[in-house]
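Survey of secondary and tertiary structure
Listed below, chain by chain, are the residues.
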Amino acid sequence: MNYLSTRGDATPRKFCDILLEGLAPDGGLYLPEGYPQIDAATLAVWRRVHDEQGYAALAFEILSLYIDDIPADDLKAICAKTYTPEVFGNKVIVPLKQLQDGFYLEALSNGPTLAFKDMAMQLLGNLFEYELARRGQQLNILGATSGDTGSAAEYAMRGKKGIRVFMLSPHGRMSAFQQAQMFSLQDENIHNIAIEGVFDDCQDIVKAVSNDLAFKRQYNIGTVNSINWARLLAQVVYYFAGYFQATASNAETVSFTVPSGNFGNVCAGHVARMMGLPIRQLVVATNENDVLDEFFRTGVYRVRAAADTHETSSPSMDISKASNFERFVFDLLGRDGARVKALFGESLAKAGSFDLSGDEAFKQAASRYGFVSGKSTHADRLATIRRVFKEHGLMIDTHTADGVKVASEYVQPGVPMIVLETALPIKFAATIVEALGREPDRPAKFEGIEALPRRVQVMSADAGAVQSLIAAHCG
Ligand SMILES: *Cc1c(COP(=O)(O)O)cnc(C)c1O
């Protein structure tokens, strides 16, 4: 399997060539040159593999179609070590919870940081460690976080050989629980840096350091953001696992609803569907930041300015542009790299938007690719959290609530609807209290984490100082 860029650079690259990279050199995103097609016989085998051998074995089947530069036995061992009941809290790894007949939540948030990002990040940690050892290299991961991504990255990379993490966060601005999750890590290779400023200041520092090419090369600076292909690929697996649990035979179809921000999670659903998984609809659920809902309703993709990006009670979906969306548009436009380059490289840069409403291809977003969308507001989240708790005795988090709200608008008779649960309510306790008048349940392993000793360094918003700190740790 070779990989190419969505903006036309078709230099063939292997999985491990792009594993440690961000954007392609032409500014595009990496995609496989084609999606392996799953015939009925293979799907039948995979159902058996899932039911009899479990999630890790299914992950190996799927990943091995996309990764041909890691020996099969090694890849199998990496999958087995990643998707364990010890790390993900239960044997099924991604169990379904039925709310009503034919309406399910797929639990993706039982990993170390209680959000679905662990599903991909845990695999990435093991792939990185493997590949760096093979190359005899070291990697310094530099990131900025306002919450979920940073903690998922730290818990995936802690204790990994050849990897150091330098994670910037805005001092005093994350929730108490999120701060405790990150800062209580005592691993020597994890460095928490609280920047005196806001999230944008942290991101500016990451950009400044990454743009210092000499420094970047000397210290092998890398990132783990959501455009990484390996993260997306890892997420494809749970669409298959959800399908096998919700259906009794491969003649059935299901729909998925996905709480969306950067379009990474639902893009993995698109890949699964392109491979031949019988998915009827892929329902994109947004909050008040409705860039994606607007596109699927109108054909206009209009990124927002920072000032027009709302701070909501489902903060991990507060995005102004969806960094993975370019991958879907590449497929939608028949893989025309020159056109994608004109849209994302030029129209977006100049006008902040592009318009496909008059394009035949846009009609196919729904008819051929199964995409539909909807949005949800703070009031909807509160009402949905209350309703699900009252009717099913189940507490759901604010992002999952956006999904449940929008999913209920797209339920079709005879087609099971699976909503991806993207976080546990304890991460967003304030809104749960607002909705239900009580604190969310806290998994036992997080009892009292706010009181644990903290390992964090407060620094001013100064890229040079962050560079000195990295250099000091690299001897
Ligand atoms: C990251 C995140 C999302 C959005 O996922 P994308 O892949 O960016 O669309 C939704 N919910 C939670 C809880 C998240 O952490």
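Overview of the structure. Computed from a predicted structure; not experimentally measured.

A tally of regular secondary structure across the protein gives 20 helices and 15 strands. Relative to the compact-globule value of 23 Å for 475 residues, the protein shows a C-alpha radius of gyration of 21 Å, a close match. Projected onto the principal axes, the alpha-carbon positions of the protein cover approximately 60 × 55 × 50 Å. Sorting the 475 residues of the protein into buried and exposed places 58% on the buried side.

Attention now moves to helix α2 (residues 40-53). Taking 1.5 Å per residue, 14 residues should reach 20 Å; α2 reaches 19 Å between its end C-alpha atoms and fits that length. On its buried side, α2 packs onto α3 (55-63), α11 (229-246) and α12 (264-275).

The next subject is empty space enclosed by the protein. Enumeration over the complete set of coordinates arrives at one cavity of 30 Å³ or more. The volume enclosed by the largest cavity comes to roughly 30 Å³. Forming the walls of the largest cavity are I18, E21, G22, Y30, I227, N228, W229 and R327. Here the residues of the lining of the largest cavity are counted per class, giving four nonpolar, two polar and two charged.

Right, let's get into the packing of helix α9 (residues 199-211) against helix α20 (residues 463-473). Running from N to C, α9 and α20 point in directions that differ by 65°, and their axes come no closer than 9 Å. The two elements α9 and α20 meet at a crossing, and its hand is right-handed. Counting all contacts with α9, which are made through I205, A208 and V209, the residues of α20 involved are A463, V466 and Q467. Split into classes, the residues belonging to the contact of α9 with α20 amount to five nonpolar, one polar and no charged.

One open sheet accounts for five strands, arranged β8-β5-β6-β7-β15; its pairing is parallel. Strands with a single pairing partner mark the edges of an open sheet, and in this sheet they are β8 (221-222) and β15 (457-460). For strand β5 (residues 139-144) and β8, the ladder comprises two bridges, and the chain directions are parallel. Along β8, the bridge assignment pairs N140 with I221. Where helix α6 (residues 117-135) meets the sheet, it contacts β5 and β6 (163-170), and its direction lies at approximately 140° from that of β6. Across the sheet, α9 lies against β5, β6 and β7 (190-196), angled at about 150° from β5, the strand it touches most.

What follows concerns the sheet that holds strand β3 (residues 96-100). Either a parallel or an antiparallel arrangement is found when strands of a sheet pair, and the pairing is made through backbone hydrogen bonds. Pairing is mixed in the open sheet, where six strands are placed in the order β3-β4-β14-β9-β10-β13. Taken across any chain shown, the strands that pair with only one partner, and hence form the sheet edges, are β3 and β13 (371-375). The sheet shows a mean angle of 25° between the axes of neighbouring strands, taken without regard to direction. Relative to β13, strand β10 (residues 279-286) runs parallel, the two being bridged by five bridges. Pairing of A285 across the sheet is with G374, part of β13.

With that settled, consider the nonpolar core. Core analysis: the biggest nonpolar cluster contains 114 residues, and Y239, F240, F263 and F325 have the highest contact counts within it. Ranked by residue count, the leading element in this core is α11, at 14 residues. Sequence-distant contacts of Y239, defined by excluding residues within four places in its chain, comprise F256, V258, N265, V266, A268, G269, A272, L277, I279, L282 and L420. In this structure, L105, V388, M395 and A401 belong to the second largest nonpolar core, which totals 20 residues.

Per the counting criterion, the structure on display carries 24 salt bridges. For E326, the salt bridge identified is with R7, shortest N-O distance 2.9 Å. Pair noted here: E326 is in helix α14 (residues 325-332) and R7 is in the loop between β1 (3-5) and α1 (15-19), with a separation of 319 residues, a long-range link. No difference in accessibility class separates E326 from R7, as the two residues are buried. In this structure, R381 engages D402 in a salt bridge whose closest nitrogen and oxygen atoms are separated by 2.8 Å. One end of the pair, R381, is in helix α17 (residues 378-392); the other, D402, is in helix α18 (residues 398-407), with 21 residues separating them in the sequence. Look at D402 and you get buried, because its relative accessible area is 0%.

Our focus in this paragraph is the site of the ligand. Around the ligand, the structure places 15 residues, and the nearest of them are K117, D148, G261, N262 and N265. G261 has a polar backbone atom sitting 2.8 Å from an oxygen atom of the ligand. In this structure, N265 approaches the ligand through a main-chain N or O atom, which is 2.9 Å from an oxygen atom. Class assignment for the residues of the shell around the ligand results in five nonpolar, eight polar and two charged.

Moving on, we come to the side chain of D397. Looking at the secondary structure, you find D397 in the loop between α17 and α18. For D397, which is buried and forms no salt bridge, the nearest opposite charge comes from R381, at a distance of 8.6 Å. Within the structure, the side chain of D397 is placed 2.6 Å from the side chain of H399, a separation counted as a polar contact. At 2.5 Å, the side chain of D397 forms a polar contact with the side chain of T400.

Within the secondary structure, F199 is located in helix α9. A relative accessible area of 27% means that F199 is categorised as partly exposed. Expressed as a C-alpha distance, the spacing of F199 and M174, which sit 25 residues apart in the sequence, is 9.8 Å. When near neighbours in sequence (up to four residues on either side) are disregarded, F199 contacts A144, T145, S146 and P170.

The rules behind each value
Residues numbered from 1 in each chain as written. Predicted model: local features only at pLDDT ≥ 70, side-chain atom pairs only at ≥ 80, totals over all residues. Heavy atoms only, no water. Helix = DSSP H or I, 4+ residues; strand = E, 2+ residues; numbered from the N terminus. Rg over C-alpha atoms; globule rule 2.2 N^0.38 Å. Buried < 20%, exposed > 50% of the residue type's maximum accessible area, 1.4 Å probe, protein only. Expected span 1.5 Å × (residues − 1). Contact = heavy atoms within 4.5 Å. 1 Å grid on protein atoms, 1.4 Å probe; cavity = no way out; pocket = protein on both sides within 12 Å on 5 of 7 lines; lining within 4 Å. Points joined across faces, edges and corners; volume = space filled by probe spheres on them. Nonpolar A, V, L, I, M, F, W, Y, C, P; charged D, E, K, R; others polar. Axes fitted to C-alpha atoms, helices over the stretch in contact; angles between N-to-C directions. Left-handed = near helix turned anticlockwise from the far one by under 90°. Pairing = 2+ DSSP bridges. Core = buried A, V, L, I, M, F, W, Y, C linked by side-chain atoms within 4.5 Å. Salt bridge = Lys/Arg side-chain N within 4 Å of Asp/Glu carboxyl O. Near = heavy atom within 4 Å. Polar contact = N/O pair within 3.5 Å; in protein donor to acceptor, adjacent residues only side chain to side chain. Lys, Arg positive; Asp, Glu negative; His and termini not counted.

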